[in-house]
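Examining the three-dimensional arrangement
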Amino acid sequence: MKITVITVGKLKEKYWQQAVEEYKKRISAYARLELIEIPDEKEPSNAGGKDIDIIKEKEARKILAKIKDTQHVVTLEIRGKAYTSEKLAEEYQKWMNTGKSDVAFIIGGSNGIGDSVKQRSDQEISFGSLTYPHQMMKVMLLEQIFRVNKILRNENYHK
């Protein structure tokens, strides 16, 4: 399995960077993992709705430039489908069984994901309706990718 995680914004805090490195190492036993960080667009302090849409679409163009035509694209969105870890493992297994072994997960910027990326998305998943820091979402996604692989192999970890 080839997993690409595309995120808007750079990890700043050392503890998030260390967590990402730890999960990157753990996942490497199960899948090839590529992490791509897209620079976030600067937001003026008095930005209105139209400004936010422009920012999201600028970020979206950068994201789309990193997605391959052959990739199965999964966006993380509040209004996406919520999964338990077990159900996400089943979904992951389906991707592998149906030739979708090159998956790109997308975490948008602080303003969300631009419409053009949503249109390219093959699947939207949600980690719930709470709002999380984008840096934390990257760690949470990597942890779930690791957990899914442990579940599929009946290995100790998931409880």
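This section reports on the structure supplied with the text. Just so we're clear, the structure is a prediction, and the values are computed from it rather than from any experiment.

**Some details on the pattern of salt bridges**
Taken as a whole and assessed by the stated rule, the structure comprises 14 salt bridges. Between Glu155 and Lys150 there is a salt bridge, and its shortest N-O distance comes to 3.1 Å. Within the structure, one salt-bridge network assembled from shared partners comprises Lys10, Glu37 and Lys138.

**A closer look at the packing of helix H3 (residues 85-97) against helix H5 (residues 134-152)**
Contact geometry for H3 and H5: axes closest at 9 Å, N-to-C directions at 80 degrees. Considered as vectors, H3 and H5 are oriented roughly perpendicular to each other. Between H3 and H5, the residues in contact are Ser85, Glu86, Leu88, Ala89, Tyr92, Gln93 and Met96 and Gln144, Arg147, Val148, Asn149, Ile151 and Leu152, respectively. Partitioning the contact of H3 with H5 into residue classes produces seven nonpolar, four polar and two charged.

What counts and what doesn't
- Residue positions are given per chain, counted from 1 along the sequence in the order it is written.
- The predicted origin of the model limits local features to residues at a pLDDT of at least 70 and limits the giving and counting of side-chain atom pairs to 80 or more, whereas totals for whole chains, interfaces and linings rest on all residues.
- Values reported for side chains reflect all heavy atoms of the structure, with hydrogen atoms and water molecules removed beforehand.
- Every case where a carboxyl oxygen of Asp or Glu lies within 4 Å of a side-chain nitrogen of Lys or Arg is listed as a salt bridge.
- Lines fitted to the C-alpha atoms define the axes, with helices restricted to the stretch that makes contact. Angles between their N-to-C directions range from 0 to 180 degrees.
- Strands here mean DSSP runs of E at least two residues long; helices mean DSSP runs of H or I at least four residues long; both are numbered from the N terminus.
- Put simply, angles under 35 degrees are roughly parallel, angles over 145 are roughly antiparallel, angles from 65 to 115 are roughly perpendicular, and the rest are oblique.
- Here a residue-residue contact requires only that any non-hydrogen atoms of the pair lie within 4.5 Å.
- Each residue gets one of three labels, nonpolar for Ala, Val, Leu, Ile, Met, Phe, Trp, Tyr, Cys and Pro, charged for Asp, Glu, Lys and Arg, and polar for the others, Gly among them.

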